Amino acid sequence: DGLRQMEKAQQIKQHLLPKEAKIPGLQTAHLFEPADAVAGDYFDFLPLADGSWFICVADVTGHGVPAAMGAAMLKTLLLAATNGSAVDPVSVLRQINRQFTATVLPGNFASMFLARWQPDSCKLTWASAGHEPGILLGEIGHLSSLDSTGLLLGIEVDADWKQRTVTLAAGDRILLFSDGVTETRNPRGDLFGRVRLTACVSRCNELAPRDAVIYLSEILGEHRGEYPLSDDLTLVMLQCGTIPLVEELETSYDWAFHSS
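It should be emphasised that the depicted structure is a prediction, and the values quoted were computed from it without experimental measurement.

## Examining the nonpolar core
Now for step 1: Counting 27 residues, the largest nonpolar core has L74, L78, I96, M112, L114, L153 and W161 as its most contacted members.
Now for step 2: Those elements that provide at least two residues to this core are β2 (41-47), β3 (53-60), α2 (65-82), α3 (89-103), β4 (110-118) and β5 (123-129).
Now for step 3: Here this core gets six residues from one element, more than from any other, and that element is α2.
Now for step 4: Excluding anything up to four places from it in sequence, M112 contacts C56, V57, A58, L74, L93, I96, A127, S128, A129, H131 and L153.

In structure tokens:
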């Protein structure tokens, strides 16, 4: 029946999310909360044969079952692209976009931030297909933005993107997120916004990534109050360090945290 089908869809969506992965040279923490039973947000950590890793955060337009189907398609296309010889984010985005544009329903798009992490050099090479700009916080408190470098996926079959590289120092951290974070509304309809999010990232700089993500989620929950979540919400924090560590957070709809 419909209930069993929705439970199966939820299981498939959970299967899309990354399992425990220890990324050399990075500490990570992430939070994922869907607006519906299934979601169009998607994030992943994928190891490559040369010892580098792909880090992906994506957001399919809308939410619910159609968006979740788009997210499943993105994961399939990403896995197929990374099984080949392509190791730079732009080449992978090109491959994904060609297939996604040819397959997705007209009017459906997706944003994607895709980065390649090289542990030996601490270099993060990235490209962004219309995704929310990431926030890079240096160890001395310097803030910079990892901006979009090209069109959304699904608009033009031959779209192209620029590629950029940053070298991280120990203690530098990056927050990647979906627009469900900045577009979280309070009961008056006010958006949480990027300015407020950036200020919160600065304030929790002394916290470990896991605690920082908990802090951000609590601030978002306080802002939202009783207002329902209108879009899927994803936070992924990366911190450059020498000890590989993964912290995964899952939330229920009342913002109760369960560590795993």
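## What about the sheet that holds β2?
Strand pairing in a sheet is mediated by backbone hydrogen bonds. Such pairs are either parallel or antiparallel.
Now for step 1: Spatially, β2-β3-β4-β5-β8 is the arrangement adopted by the five strands of the open sheet, whose pairing is antiparallel. Edge strands, defined here as strands with exactly one partner in the open sheet, are β2 and β8 (164-167). Looking at each pair of strands side by side, their axes are set apart by 15 degrees on average, direction ignored.
Now for step 2: As paired strands, β2 and β3 are joined by seven bridges and run antiparallel to one another. Note on β3: the bridge partner recorded for P47 is W53.
Now for step 3: Strands in contact with α2 are β2, β3 and β4; relative to β2, the strand with the most contacts, it is inclined by about 15 degrees.

Cut-offs applied
Residue positions are given per chain, counted from 1 along the sequence in the order it is written. Totals for whole chains, interfaces and linings use all residues, but because this is a predicted model, local features are given only for residues with pLDDT of at least 70 and pairs of side-chain atoms are given and counted only at 80 or more. The side-chain values count all of the structure's non-hydrogen atoms but skip hydrogen atoms and water molecules. Only buried residues count toward a nonpolar core. Its members are Ala, Val, Leu, Ile, Met, Phe, Trp, Tyr and Cys residues joined through side-chain atoms within 4.5 Å. Relative accessibility decides the category of a residue: with a 1.4 Å probe and only protein chains considered, values under 20% of the type maximum give buried, values over 50% give exposed, and everything between is partly exposed. Under the DSSP-based scheme used, a helix requires at least four consecutive residues in state H or I and a strand at least two consecutive residues in state E, with every element numbered from the N terminus. We call two residues in contact whenever any of their non-hydrogen atoms come within 4.5 Å of each other. In this scheme, strands are said to pair when DSSP sees at least two bridges between them. Here an angle of 0 to 180 degrees is reported between the N-to-C directions of two axes, which are lines fitted to C-alpha atoms, with helices fitted over the stretch in contact.

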